[in-house]
Amino acid sequence: VLMSKQNAAKDLQRDLQQRVDSLSVLLQGKSGDIEVLERAITPTQREASGRKIVSLGIAVVGLFGSIFFALIRELLLGHIRTIKDLSYLSDFELVAEFQQQNELAPNSAHDSMGYRRFSNDLQITMDGHDCRNIAIVSIEADTAVSKTVSQIATSMANKGDKISLIDADLRNTAHPITLDIKTAQVMPPLTKILSGDETLPKLSDDRLCFVPSGNIADEDDTAVLRIGGQAMTMVRGKIEEASRWTLYNLPPIQEEEAAFEALKNIGYAIIVVKSGGSQSKIIKQSMARMQKHGIEVIGAVVTEVPASLTSGGEFKPINQFKKDLEQA
């Protein structure tokens with residue numbers, strides 16, 4: 001009995017000692033006393049936080065997303081930027097590209113030399129095809145067709161060749177061609193000739209015969225329809241007979257079916273494309289239709305090419321890719 005009581009007393013002592021130890025730990029935690037286990041070391045660099053990692057991940061995803069978007073847009077749209085892009089669609093006999101105009105020097109000597117070189121090559125190409133008349137056309141609007149055809153005609157006339165230029169873009173939103181050649185024979189407006197209000201006079205021996213479109217802003221929407229009719233055919237016959245070469249400025253063939261009809265009657269064409277403004281898919285479809293109707297495209301011109309894409313004739317697509325990436 002005494003031994004049992006002694007063992008019970010020892011158990012009670014151990015239990016009381018454990019409670020005392022627990023209370024001591026609890027009191028030390030509340031009082032703030034801390035036992036120093038090791039000396040604190042000042043950090044030498046910042047530790048990456050989770051917020052910074054998430055921000056970095058978002059930036060990387062956004063960068064690759066922009067690149068992917070730019071590539072997909074280029075593959076789907078396929079904008080023509082230089083003559084090399086256009087040459088993938090067809091094997092043109094005659095090609096040229098002209099840079100964006102400098103605001104301080106809109107008509108540089110370099111551009112004049114380029115148009116003169118192009119006109120020389122055009123004459124050789126037309127002689128090879130035994131054709132004396134050709135249309136300068138675009139698929140879409142705002143591609144500087146009027147400027148291109150006027151520069152070509154001026155270059156030919158300055159060499160003493162007998163050239164006729166007919167401005168047949170009779171859309172009331174078009175910009176009529178104006179020529180600064182004193183020796184040019186200016187005919188009555190084409191709108192008046194096609195409507196019967198004016199007659200086509202006899203061509204003189206001047207180097208350039210110019211048939212302006214007229215005051216097309218005052219015309220209705222039906223004026224452009226006359227360029228595909230019989231009256232236009234009669235005008236063409238008289239002018240082409242007295243000229244060595246005849247150039248036509250036509251409306252965009254995608255917007256005006258009458259322009260396509262006139263182009264079909266002429267038979268030969270040079271297409272003008274604006275850099276970055278025309279899609280290769282649309283151009284390819286239009287050229288396939290022209291070929292189906294027997295229209296022969298013998299040349300192509302790309303206008304408004306950025307200087308960053310034409311450095312000494314070398315093609316630098318990475319510059320344009322960077323611009324697309326910044327825009328995206």
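As a reminder, the structure under discussion sits directly above these lines.
Computed from a predicted structure; not experimentally measured. (Residues numbered from 1 in each chain as written. Predicted model: local features only at pLDDT ≥ 70, side-chain atom pairs only at ≥ 80, totals over all residues. Heavy atoms only, no water.)

### Side note on the sheet that holds strand β6 (residues 245–249)
- On the basis of which strands lie adjacent, the open sheet formed by 8 strands has the order β1-β8-β7-β2-β6-β3-β5-β4 and parallel pairing. This sheet does not close on itself; its edge strands, each paired only once, are β1 (94–99) and β4 (185–186).
- Here 2 bridges tie β4 to strand β5 (residues 208–211), and the two strands are oriented parallel to one another. For V186, the partnering residue across the bridge sits in β5 and is F210.
- Contacting β2 (133–138), β3 (163–167), β5, β6, β7 (268–274) and β8 (296–305), helix α5 (residues 145–158) runs over the sheet at an angle of about 165 degrees to β6. (Pairing = 2+ DSSP bridges. Helix = DSSP H or I, 4+ residues; strand = E, 2+ residues; numbered from the N terminus. Contact = heavy atoms within 4.5 Å. Axes fitted to C-alpha atoms, helices over the stretch in contact; angles between N-to-C directions.)

### Describing the packing of aromatic side chains
- Applying the stated criterion across every chain yields a total of 1 aromatic pair.
- With a centroid separation of 4.0 Å and 15 degrees between ring planes, the pair formed by F98 and Y115 is classed as stacked. On the criterion of sequence distance, the pair formed by F98 in strand β1 and Y115 in helix α4 (residues 109–129) is long-range, its members being 17 residues apart. For the pair shown, F98 and Y115 are each scored as buried.
- Over the face of the ring belonging to F260 we find R289, whose NZ or CZ atom lies 4.0 Å from the ring centre. (Phe/Tyr/Trp six-rings, centres within 6.5 Å; stacked < 30°, edge-to-face > 60°. Buried < 20%, exposed > 50% of the residue type's maximum accessible area, 1.4 Å probe, protein only. Lys NZ or Arg CZ within 6 Å of the ring centre and 35° of its normal.)

### What to know about the pairing of β5
- Alternating residues of β5 divide into L208 and F210 and C209 and V211, and every residue in both groups is buried.
- One ladder, built from 4 bridges, connects β3 with β5; its direction is parallel. For S164, the partnering residue across the bridge sits in β5 and is C209.

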